[in-house]
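# Reading the structure
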Amino acid sequence: MPINTNMKEKDLSIQAIGITKKYPKNKIGLQPLSLEIKNKSFVALMGPSGCGKSTLLKCLNGDNPATSGEVYINGLSLIDNYDLVKKSIGYVPQDDIIHRELSVYKTLFYAAKLRLPDGTPKEEIDIRINKVLKSLKLNQHDQGNQQGQKDIKDKKVKELSGGQRKRISIAVELLTEPSILFLDEPTSPLDPETIDSFLKSLRDLAQEGTTIIMVTHKPEDLNYVDEVVFLGVKGHLVYKGLPNKITEHFNVDSIIEVYSKMSDLEKVKKNYHPPKEDSHSLNLNPKLNKRRPDSSFQQLYWLAKRYLNIKLNDHSNLLLLLLQPIIIGGLVSLVFSEFRIGVIFLTAISAIWFGVSNSAKEIVSELPIYKRERMYNLNINTYIVSKLLILSLIALIQVVVFVAIIYFNFKINAITEFPETYLRPFWESVGFLFMISCSATLIGLFLSSYFSNTEKVMTVVPITLMPQIMLAGVMTKLDTRFIEILSFFTLGRWGTEGFARLQDTYFENSAIETESVLIPEFNPDGYHKNDCKCEASGALNQLGLYDESLIDKGVLIGGAFNNLATNVLAVLILSFIMYLLIFISLSKKDSI
Ligand SMILES: Nc1ncnc2c1ncn2[C@@H]1O[C@H](COP(=O)(O)OP(=O)(O)OP(=O)(O)O)[C@@H](O)[C@H]1O
């Protein structure tokens, strides 16, 4: 293990030597700087907006490593030993890294299960939870657990104040007992009274042994810290020293004046002293030695359990998810008096809709949590599968409810009005539509992993759904090779065609001699199997995906996919492609 032999003092938590940061298009994030931070110190990182404070924080903690130079954490190179070093780092970015639907206890419990070594007993986890709550003054005693007031551990995160939420985010990080804690603007959303108790608890934490580096904009925060690091515009380090000496250093009366002075590039350049040391190495393409996953099965179990808990705790959303199939199924039953291709089409499209709409927000809305957990030990495959498992369960319930409504409606209608026409078979239909819905879930998860905010995802969802409707062959026949090939990439086409085929196949295989064609073709009385001239192709014939003559002329490929197995295979291939795309999108979110 390469220990940094150049380390001057044993009591340094962080040593940055000649680090710089360049963003794409040669945009400067940080000018060359060197920095040493002592053990157990509480350091404020300040500077005008956009000067590079978060950039520096991320260079120091590995979230987005420096373009060149070296960072040592407790004497170990951040780049070479990230797998080891990350365990001694706690990091709370600007956004909260906790789920709002969980209780405080569950939030901390799942975080412990995901981060602590496998097999850590519950008793030890409880001890750690109580300890971190106490150290952040969030325990019952400090919160005044009077009669009628819930213990903070039982409260849901969404019931907490901004200050309490921030502390719970920090508590998550403290569970693993990091020696260094990076906090990005933790005091921004807090009122002065909350800030006082919050910063006092951080100061106590530093005195107990945790080095804390905190980005802040608030001059009054300087009353609590040991040191200030001040950056001028364009990432120049212009001051590092005692908080009460900063105004003297810049020959001004207040910290506000330091801000205005250090927003002027010319003045900044006069105060900037580039590091004397040469950069130890040039990591123009830094690769952190990391991402080795911890036990995937344990991680999958706890991720899926946490996600299920989040979903079950969000009662209103759960109700809406359940209402969806009831409302859409009810509408289809109301509008269609007999089982026709329109019903098949809408059923397939509904299955797609359930999948996409259930999943489209699920990654993007928890991006800060994902990124932080990914930095620590999250395995991308485990993460995707945990989402897919729980969302598939929801889709299964929706599909069962939807198909049941369609099934019973058309069965009852068939008995009373149209004896020959109703959906069957029930379980095969559920199975096929469930597969379509799972595949659509992957489409939604891809959108959620690709775009950076929920608004963008919600804008793209209808654009994704329209081709499913247009290329299913119901609105118009597929009559050119180009349109046909496009349709191969839609679930709408495979779902509608496959579902229609399933109905016809069932009829062909039916042992009941008097069984009827599901969809009567051109014949209002319906065909009977015994005198059926169309070989039970009622549903597919009504769909009329292709103009047969175009297949004969070789314009369309058509017939190559003329069975249910190939329809199913196509859906599986599309699902696999989607899974790969999600994996690539999530990999791209890794900082390097
Ligand atoms: N991922 C990125 N890609 C390109 N440019 C970036 C990226 N992240 C930051 N920057 C740019 O680098 C500069 C420093 O940004 P940074 O977020 O570090 O500033 P900051 O001092 O933390 O700002 P604030 O106080 O507003 O949070 C800004 O000009 C910003 O636009």
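As the structure is a prediction and not an experimental result, all values here were calculated from the model. (Residues numbered from 1 in each chain as written. Predicted model: local features only at pLDDT ≥ 70, side-chain atom pairs only at ≥ 80, totals over all residues.)

### A look at the packing of helix α3 (residues 104–115) against helix α6 (residues 162–174)
Between α3 and α6, the shortest axis-to-axis distance is 9 Å and the interhelical angle comes to 25 degrees. Relative to α6, the element α3 is oriented roughly parallel. Crossing angle aside, the handedness with which α3 passes α6 is right-handed. Two secondary-structure elements touch here, α3 through Val104, Thr107, Leu108 and Ala111 and α6 through Ile168, Ala171 and Val172. (Axes fitted to C-alpha atoms, helices over the stretch in contact; angles between N-to-C directions. Helix = DSSP H or I, 4+ residues; strand = E, 2+ residues; numbered from the N terminus. Parallel < 35°, antiparallel > 145°, perpendicular 65-115°, else oblique. Left-handed = near helix turned anticlockwise from the far one by under 90°. Contact = placed C-beta atoms within 7 Å.)

### Considering the sheet that holds strand β10 (residues 236–241)
What the six strands build is an open sheet, ordered β6-β7-β8-β3-β9-β10; its pairing is mixed. Sheet topology places β6 (89–92) and β10 at the edges, where each strand pairs with a single neighbour. The sheet shows a mean angle of 15 degrees between the axes of neighbouring strands, taken without regard to direction. Where β6 and strand β7 (residues 180–184) come together, four bridges link them in parallel fashion. When the sheet's bridge partners are listed, Gly90 is paired in β7 with Leu181. In the packing of helix α7 (residues 192–207) onto the sheet, the strands contacted are β3 (42–46) and β8 (211–215), and the crossing angle to β8 comes to about 145 degrees. (Pairing = 2+ DSSP bridges.)

### Focus on the UniProt feature "transmembrane region" (unreviewed entry) in the protein
Here the UniProt-annotated "transmembrane region" (unreviewed entry) positions come out as residues 318–336, 342–360, 380–410, 430–450, 457–476 and 564–586. Across residues 318–336, the secondary structure splits into 95% helix and 0% strand, with the terminal C-alpha atoms separated by 28 Å. (UniProt positions renumbered as here; feature names shortened; annotations may be inferred.)

### Here's the deal with the environment of Ile97
You can see Ile97 is positioned in the loop between β6 and α3. With 21 C-beta atoms packed within 10 Å, Ile97 lands in the buried category. Sequence separation between Ile97 and Thr566 is 469 residues, and the spatial gap between their C-alpha atoms is 44 Å. Setting aside anything within four residues of it in sequence, one finds Ile97 in contact with Val92, Ser169, Val172, Pro368, Ile369 and Arg372. (Buried ≥ 20, exposed ≤ 12 C-beta atoms within 10 Å, placed from the backbone.)

### Some remarks on the sheet that holds strand β1 (residues 12–23)
The sheet built from four strands is open, its strands ordered β2-β1-β4-β5 with antiparallel pairing. The outermost strands of the open sheet, each flanked by one partner alone, are β2 (27–38) and β5 (76–77). Note that strand β4 (residues 68–73) and β5 share two bridges and pair antiparallel. Across the sheet, Tyr72 pairs through a bridge with Ser77, a residue of β5. Together, β1, β2 and β4 form the strand contacts of helix α1 (residues 53–61), whose direction differs from that of β1 by roughly 120 degrees.

### Examining the pairing of strand β9 (residues 227–232)
The element β9 is extensively covered by neighbouring structure, given that five of its six residues are classed as buried. When β3 meets β9, the two strands line up parallel, connected through four bridges. What sits directly across from Leu45, in β9, is Val229. In this structure, β9 lies alongside β10, joined through five bridges in antiparallel fashion.

### Here's the deal with helix α14 (residues 367–376)
Count 3.6 residues to each turn of an α-helix, and residues three or four apart come out pointing the same way. Buried within α14 we find Ile369, Lys371, Arg372, Glu373, Arg374 and Met375. Packing partners of the buried residues in α14 comprise β6 and α3.

### A look at the nonpolar core
Ranked by internal contacts, the top residues of the largest apolar core, which has 154 residues, are Leu45, Ala171, Ile212, Phe230 and Ile436. Counting residues domain by domain, this core receives three or more from each of domain 1 (12–271) and domain 2 (296–588). If near-sequence neighbours (up to four positions away) are discounted, Phe230 is found in contact with Met46, Gly47, Val238, Tyr239, Ile246, Val258 and Met262. (Core = buried A, V, L, I, M, F, W, Y, C linked by C-beta atoms within 7 Å. Domains from an automatic or database assignment.)

### Some thoughts on the domain arrangement of the protein
For interface size, the figure often reported is the accessible area lost on association. Each assigned domain of the protein is listed here: domain 1 (12–271) and domain 2 (296–588). Spacing between the C-alpha centres of domain 1 and domain 2 amounts to 46 Å. Counting residues at the interface gives 17 residues for domain 1 and 16 residues for domain 2. Of the residues forming the side of domain 1 that touches domain 2, the biggest block, five residues, is contributed by α3. In terms of residue class, the side of domain 1 that touches domain 2 is made up of six nonpolar, two polar and nine charged. (Nonpolar A, V, L, I, M, F, W, Y, C, P; charged D, E, K, R; others polar.)

### Describing the site of the ligand
In the neighbourhood of the ligand, the contacting residues comprise Tyr23, Lys27, Gly29, Gly47, Ser49, Gly50, Cys51, Gly52, Lys53, Ser54 and Thr55. Among the elements of the structure, β2 and α1 are those that each provide at least two residues to the shell around the ligand. Looking at the shell around the ligand element by element, the count peaks at three residues for α1. When grouped by side-chain class, the residues that make up the shell around the ligand number two nonpolar, seven polar and two charged. (Near = placed C-beta within 6 Å.)

### Remarks on the confidence of the model for the protein
Per-residue pLDDT for the protein averages 85, and the proportion of residues at 70 or more is 87%. The secondary structure element of the protein with the lowest average pLDDT is helix α5 (residues 140–143), at 50, and the one with the highest is helix α16 (residues 426–450), at 97. Scored below 50 in pLDDT, residues 511–517 shows 17 contacts in the model against residues more than four places distant or in partner chains. Contacts for the low-pLDDT stretch residues 521–537, under 50 throughout, to residues beyond four places or in other chains number 30 contacts. (pLDDT = per-residue confidence, 0-100.)

### Examining the environment of Gly241
Within the fold, Gly241 resides in strand β10. For Gly241, a count of 13 C-beta atoms within 10 Å translates into the label partly exposed. Through-space distance from the C-alpha of Gly241 to that of Ser585 is 42 Å; in sequence the pair is 344 residues apart. Beyond its immediate stretch of four places on either side in the chain, Gly241 contacts Glu227, Val228, Ile246 and His249.

### Regarding unusual backbone geometry
Even without glycine at this site, Lys25 takes up a positive phi of about 65 degrees. Notably, Lys234 is not glycine yet its phi reads approximately 65 degrees, a positive angle. Position of Lys234 among the secondary structure elements: in the loop between β9 and β10. With 17 C-beta atoms counted inside 10 Å, the residue Lys234 sits in the partly exposed group.

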